[in-house]
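Breakdown of the fold
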Amino acid sequence: MAKKEYAFYPGCSSQLKASASNYLTSVNSMCKTLDVKLTEIPDWNCCGASIGYAEGGELPRHAINARNFALAETHLPGQDIVATCAACWLGARESKERLDASSTLMRETNEALAAAGLHYKAEVKIRHMVEVLIEDFGYDELKKPVVKPLEGVKFAGYVGCQTNRPFGIDGESFENPKYLDKLVETLGGDPVENYDQKVTCCGGALAFSEPEKSQKQIRDIVESAYDHGAEMIVTPCPLCQANVEVYQSEINKKQGTKFSMPVLYYSQLMTVAYGGSMKDAGLDGQLIRATPLEKITGK
Amino acid sequence: MSEQNRQASERYRNNFLKEVEERVEEGEWVKMCMQCGVCAGSCPLGPAWEHSPQKIFMMIRAGERERVLSSDAMWMCTSCYSCIVRCPRKLPITHIMHGLANYAHRLGLAPKGQPTRDFAKLFWDNLVKKGRVNELKLTLAHYFRGGLMSGIREALAMQGIGKGLLKAGRLNPKELLGGHALKDLKGFHAIVAKAREIEDRKKGLSG
Ligand code: SF4
Ligand code: SF4
Ligand code: SF4
Ligand code: SF4
């Protein structure tokens, strides 16, 4: 019997089994070590968050989120929904709070769900994986399985927006959330405490549609990490990860910078510290290789 | 002018604030704004904004319907939520921006060819088709790696996105955004259709 069980909402990143795997792979490895059982919500759908509003409007967005809630309530009763994607978590949680606060929206949403024979009972809780780690385990518990401390590696904890605002992680401030730093410390690494772009927005979905403006944001985020002597950036959000890693070469091309800063997920750090291989940690999925971590896995 | 837009402007005549309150997501909050200006400095793409949220709220109260709904501003919102956590009156600014964008888009007043507008529509249409979207890391990586960003940027800015992307020849939007379909796709579609029907009825929109 697994120690802890959750209804897993992987988000669309998990579909590309071969490619978008590094977050999911490392989450799975990390959960194995921590004895966590994640069961996918059967037939879950996209949350529509961040950019879905323009065509989607309000009720359709809530309704598709509520479909996931209803499926979780039906098939995985009593388990909290856990998301790994910051945008999924936010979108789902937003819908849940809006529905819980308005009996009209709740009625209309259930009217829509009825079209597929579903019903949302408003029982399920929605959480981010980071919350699970901090609240259901805590730093001391998370430290126990560490066998390969990330000694001597300096990490800039890039929290970004969506795990931080508007809900945030309990007990953290919006201006200077410390959980990534604490996590790095827990794993034996060296956090950049005064990283000043910690909560800067990378442009989110607008990195697609407004690349120049977003790249200005990303440049600040990477530059500041360099200025503070970081060797790597660590983040809790798949879109942050992608934006900040992928655009560095574009920025280099356009602005003559020489950025080559690896951007990793907290779960990859944990997997490495827990003794996982490069593959377990999904390090082979990086565009910009995380050499110092690769070395640790080989130790 | 679209028929829906004509009907809406006739119905609310000189009361745009009321129109926003009744038809825009979280629009009933607009009147709570005290014009302190805190949100105006929050937007990460701030320098690119035609009007800050503060200004938009002021313009709504001044009844500047056309200017608000055709503004580029709402489309520059990155959903960073900085404004929400700072606003002293706790306005759900992000959602009002999204709501205004949606309303302007549905009435046909939003700026044509606005890249975020086009991308957002493509995103939603794709997600509705299969129930899931591939937006993440390596999907992104795949086409950024090929340097397709400039192609997309141009396609978005210059032409209708679907046609533009195809013309660019390097990219099939279906492959880019297509995901595995849901098992109960029929049920999913029924939910979306029903939700849209209810919302449109309430907001006096159709089609
Ligand atoms: S917001 Fe993005 S990651 Fe989350 S489910 Fe939707 S498309 Fe997938
Ligand atoms: S930092 Fe960027 S990707 Fe991350 S949550 Fe904010 S907008 Fe989204
Ligand atoms: S911060 Fe709030 S009260 Fe101040 S101008 Fe913006 S919306 Fe209005
Ligand atoms: S959420 Fe949108 S409106 Fe609010 S500060 Fe960010 S970009 Fe500006």
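Residues numbered from 1 in each chain as written. Chains lettered and ligands numbered in written order. Predicted model: local features only at pLDDT ≥ 70, side-chain atom pairs only at ≥ 80, totals over all residues. Heavy atoms only, no water.

**Thoughts on the domain arrangement of chain B**
Note on interface size: it is often stated as the accessible area lost on association of the parts. Residues and elements named next belong to chain B. This is how it is decided: Domain ranges listed in this record stem from an automatic or a database domain assignment. Every residue pair with non-hydrogen atoms within 4.5 Å of one another is taken to be in contact. Using a 1.4 Å probe, buried area is obtained as the accessible area two parts lose upon being combined, added over both of them.
In terms of domains, chain B is made up of domain 1 (3-111) and domain 2 (115-197). If you look at the interface, domain 1 gives 6 residues, while domain 2 gives 4 residues. In total, about 510 Å² of surface goes out of reach between domain 1 and domain 2, with carbon and sulfur atoms giving 50% of it. On the domain 1 side of the contact with domain 2, W75, H105 and R106 bury the most area, a combined 79% of that side's loss.

**Some details on the site of ligand 3**
Put simply, the test is: A cutoff of 4 Å decides nearness: a residue is near a molecule or strand if any of its heavy atoms lies inside that distance of it. Nonpolar residues are Ala, Val, Leu, Ile, Met, Phe, Trp, Tyr, Cys and Pro. Charged residues are Asp, Glu, Lys and Arg, and all others, Gly as well, are polar.
Neighbouring ligand 3 are 13 residues, the closest being C33(B), C36(B), G37(B), C39(B) and C87(B). In terms of residue class, the shell around ligand 3 is built from 10 nonpolar, 3 polar and no charged.

**Let's talk about the layout of surface pockets**
Here is the rule we go by: Cavities and pockets were defined on a 1 Å grid built over protein atoms only: a cavity is a set of grid points that admits a 1.4 Å probe from which the probe cannot escape, a pocket is an open set flanked by protein on both sides within 12 Å along at least five of seven lines, and lining residues are those with an atom within 4 Å of any such point. Grid points are joined across faces, edges and corners, and a volume is the space filled by probe spheres set on the points. Secondary structure elements are taken from DSSP: a helix is a run of H or I of four residues or more, a strand is a run of E of two residues or more, and numbering for both begins at the N terminus.
For the largest pocket, the calculated volume is near 660 Å³. Taken together, 32 residues make up the lining of the largest pocket; nearest its centre are R98(A), E26(B), W29(B), P92(B) and H95(B). Those elements giving two or more residues to the lining of the largest pocket turn out to be helix 4 (86-101) and helix 5 (103-114) of chain A together with helix 2 (16-23), helix 5 (82-86) and helix 12 (185-203) of chain B. Among the elements that take part in the lining of the largest pocket, helix 4 of chain A stands out by supplying 4 residues, more than any other. Of the residues belonging to the lining of the largest pocket, the class tally is 13 nonpolar, 3 polar and 16 charged. Size it by volume and the second largest pocket reaches roughly 250 Å³. Along the wall of the second largest pocket there are 14 residues; nearest its centre are R165(A), V199(A), S42(B), S82(B) and R86(B). No other element matches helix 5 of chain B, which puts 3 residues into the lining of the second largest pocket. Within the lining of the second largest pocket, the residues separate by chemical class into 7 nonpolar, 4 polar and 3 charged.

**Description of the packing of helix 3 (residues 59-75) of chain A against helix 12 of chain B**
This is how it is decided: For helices, the fitted line uses only the C-alpha atoms of the stretch in contact; every axis is such a line through C-alpha atoms, and the angle between N-to-C directions lies from 0 to 180 degrees. A clockwise turn of the near helix away from the far one marks a right-handed crossing, whereas an anticlockwise turn of less than a right angle marks a left-handed crossing.
Closest axis-to-axis distance for the helix 3 of chain A/helix 12 of chain B pair is 8 Å, and the angle between their directions is 145°. Once helix 3 of chain A is placed against helix 12 of chain B, the crossing between them reads as right-handed. Counting all contacts with helix 3 of chain A, which are made through L59(A), P60(A), A63(A), I64(A) and R67(A), the residues of helix 12 of chain B involved are F188(B), I191(B), V192(B), A195(B), R196(B), I198(B) and E199(B). Here the residues of the contact of helix 3 of chain A with helix 12 of chain B are counted per class, giving 9 nonpolar, no polar and 3 charged.

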